[in-house]
Amino acid sequence: KNLAKLEVQAENPQEASKLLTALVEAHPEDGEAAVLLARVQVRLDGEKTASRTLEQALERNPSALSVRMELAKMYARAGQYGRVIEVTRDLGNKEFTQEPALLELRAKAQLATGDVVSGQSAFKQLLEMVPESAPAHFAYSESLARGGNKAEASAELKRALELDRSYLPARVGEIRLFVLDNDLDGARERLAALRKEF
């Protein structure tokens, strides 16, 4: 595995692929090796080959959260939100606590497929796991806004900004909120501050 990492750093993806393919065949339970192989395959052959490698690795070792995470990210990048939901379906609170980013991907996929209620519920669950996370409060705020709950969405957005004033998506969301409230002067003021800081 370390030799393969060195080959990747040395810009020799073919050599890394050979080493990792042999390693994954000899040790199919090694999730890290499967993820490394998939990343090399993305460079060599594209995401289709890489996703097949990850799918096979997940079949052999369903408890490998790193493999599940890589596969979910790949599906999300490809806009295959149904598959993101599918690959995260049988996970429970224990797994999501270990890997909160999987829950976030699931929630985003649910929103993208129009299941706003499930998306909100998943974002709320994420927020319970990481209550001091500005991105989690912002994501929950966005899901509430999608569901038409403007007052609670605004409160969550404000909480995100209290936690991290430099979190750019929340700052942009704040400007959007001012525009929706028809407070264009407030929106311009915050936009000017945003341009100055970023």
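Residues numbered from 1 in each chain as written. Predicted model: local features only at pLDDT ≥ 70, side-chain atom pairs only at ≥ 80, totals over all residues. Heavy atoms only, no water.

> I'm lost on the nonpolar core in this one. Help?
Among the nonpolar cores identified, the biggest contains 45 residues, and Leu20, Leu54, Val67, Leu102 and Phe123 are the most heavily contacted of them. Those elements giving two or more residues to this core turn out to be helix H2 (13-26), helix H3 (31-45), helix H4 (47-60), helix H5 (65-77), helix H6 (81-88), helix H8 (100-112), helix H9 (116-129) and helix H10 (134-146). Not counting chain neighbours up to four residues away, the residues in contact with phenylalanine 123 comprise Glu104, Ala107, Lys108, Leu111, Ala139, Tyr140 and Ser143. In terms of nonpolar packing, the next biggest core, distinct from the first, is built from seven residues, Phe138, Ala160, Leu161 and Ala170 among them. (Core = buried A, V, L, I, M, F, W, Y, C linked by side-chain atoms within 4.5 Å. Buried < 20%, exposed > 50% of the residue type's maximum accessible area, 1.4 Å probe, protein only. Helix = DSSP H or I, 4+ residues; strand = E, 2+ residues; numbered from the N terminus. Contact = heavy atoms within 4.5 Å.)

> Whenever I open this one, the side chain of glutamate 70 confuses me. Can you help?
Turning to its location among the elements, glutamate 70 is positioned in helix H5. For glutamate 70, a relative accessible area of 8% corresponds to the buried category. Beyond its immediate stretch of four places on either side in the chain, glutamate 70 contacts Val35, Arg39 and Leu54.

> Quick question: what am I supposed to make of the pattern of salt bridges here?
Where charged atoms from two side chains of opposite charge approach closely, those side chains can pair. Counted under the stated rule, the structure contains 20 salt bridges. A salt bridge links glutamate 32 to lysine 5; the shortest N-O distance between them is 3.1 Å. Note that glutamate 32 is positioned in helix H3 and lysine 5 in helix H1 (residues 2-9), a separation of 27 residues in sequence. Note that arginine 176 and glutamate 142 form a salt bridge whose closest N and O atoms lie 2.7 Å from each other. Residue arginine 176 is located in helix H12 (residues 168-180), and its partner glutamate 142 is located in helix H10; the two are separated by 34 residues in the primary sequence. Overall, arginine 176 belongs to the partly exposed group, its relative accessible area being 40%. Take glutamate 142: its relative accessible area is 30%, and that puts it in the partly exposed class. Linked through salt bridges whose partners overlap, the residues forming this network are Lys1, Lys5, Asp30 and Glu32. (Salt bridge = Lys/Arg side-chain N within 4 Å of Asp/Glu carboxyl O.)

> How should the packing of H8 against H9 be read in this particular structure?
Taken N-terminus to C-terminus, the directions of H8 and H9 make an angle of 160 degrees; their axes are 7 Å apart at the nearest point. In terms of orientation, H8 and H9 fall into the roughly antiparallel class. Viewed along their axes, H8 and H9 form a crossing whose handedness is left-handed. On H9, the residues that touch Pro100, Leu103, Glu104, Ala107, Lys108, Gln110 and Leu111 of H8 are Val116, Ser118, Gly119, Ala122, Phe123, Gln125, Leu126 and Met129. (Axes fitted to C-alpha atoms, helices over the stretch in contact; angles between N-to-C directions. Parallel < 35°, antiparallel > 145°, perpendicular 65-115°, else oblique. Left-handed = near helix turned anticlockwise from the far one by under 90°.)

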